[in-house]
Amino acid sequence: MSQYDDKFFSIRNTTRMALCIALICVSAYIAVPVPFMAPLTMQTFVMCLTALVLTPAQTAVVLIGYTALGAVGLPVFAGGVGGLGIIFSPRGGFFIGFLAAYTLMSLLKGDSPSFRRYAAVGVLVSVPVTYIFATLWLTVLFGDKFAGIAAAFGALAQFVPGDMIKAVAAAGVGVSLNRRLRYMA
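Note that the structure is predicted; figures quoted are calculated from it, not measured.

### Brief notes about the packing of aromatic side chains
If you walk through the whole model with that rule in mind, you get six aromatic pairs. Here the aromatic rings of Phe94 and Phe98 are separated by 6.0 Å at their centres, their planes lie at 45°, and the arrangement is tilted. Of the two residues, Phe94 and Phe98 are both situated in helix H5 (residues 92-108); the distance of four residues between them amounts to about one turn of the helix. With respect to class, Phe94 is no different from Phe98; both count as buried. Residues Phe94 and Tyr131 carry aromatic rings whose centres are separated by 5.5 Å and whose planes lie at 90° to one another, so their mutual orientation is edge-to-face. Here Phe94, found in helix H5, pairs with Tyr131, found in helix H6 (residues 115-142); they are 37 residues apart in sequence, far enough to count as distant. We classify Phe94 as buried; its relative accessible area is 14%. A relative accessible area of 4% means that Tyr131 is categorised as buried. Chaining the aromatic ring pairs together yields one cluster made of Tyr66, Phe77, Phe94, Phe95, Phe98, Tyr102 and Tyr131.

### Observations concerning the packing of helix H1 (residues 11-27) against helix H3 (residues 56-71)
For the pair H1 and H3, the least separation of the axes is 9 Å and the interaxial angle reads 45°. The pairing of H1 with H3 is recorded here as oblique in orientation. For the pair H1 and H3, the crossing hand works out as right-handed. Each of Asn13, Met17, Cys20, Ile21, Ile24 and Cys25 in H1 lies in contact with H3, whose residues at this interface are Gln58, Val61, Val62, Leu63, Gly65, Tyr66 and Leu69.

Each value, and the rule that gives it
- Residues numbered from 1 in each chain as written.
- Predicted model: local features only at pLDDT ≥ 70, side-chain atom pairs only at ≥ 80, totals over all residues.
- Heavy atoms only, no water.
- Phe/Tyr/Trp six-rings, centres within 6.5 Å; stacked < 30°, edge-to-face > 60°.
- Helix = DSSP H or I, 4+ residues; strand = E, 2+ residues; numbered from the N terminus.
- Buried < 20%, exposed > 50% of the residue type's maximum accessible area, 1.4 Å probe, protein only.
- Axes fitted to C-alpha atoms, helices over the stretch in contact; angles between N-to-C directions.
- Parallel < 35°, antiparallel > 145°, perpendicular 65-115°, else oblique.
- Left-handed = near helix turned anticlockwise from the far one by under 90°.
- Contact = heavy atoms within 4.5 Å.

Take a look at the structure:
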């Protein structure tokens, strides 16, 4: 029985989703501060894992749940902050990007664990989609102050290599997790 055969809100699936939300929240506190930008955290690593072990719909529920926890003020975002002010700040594009990128990653991961496919989808889908939304958000938010999309992406480009490395690392862990989860089903 695969993870797609279970009912969406079975005890097993609900537990997996809740665990993924909790891990994303905790990963916000594993951070390296960067001046004038959001800190580098392990969130993208955990979000990649979430996309690799859950269905696309479950991944979307997890990311919406995580964002909702932060929106109501719980300090679950990078840097231990929360609130609508963070969602509508320069970081806001990442929240939209995370939902689109990791749901799409989960959709494209395939049915059987494969490091190559997981790494490719992580690096070629989740990272670019996340940064497309973040770049567009900054461009809309700051308009002429950024002098266009290229300048907005330039402000975010420093984070791309780290997110690519985390996507590849998550692919390795994701393959192992999915193989183990199959035996537990």
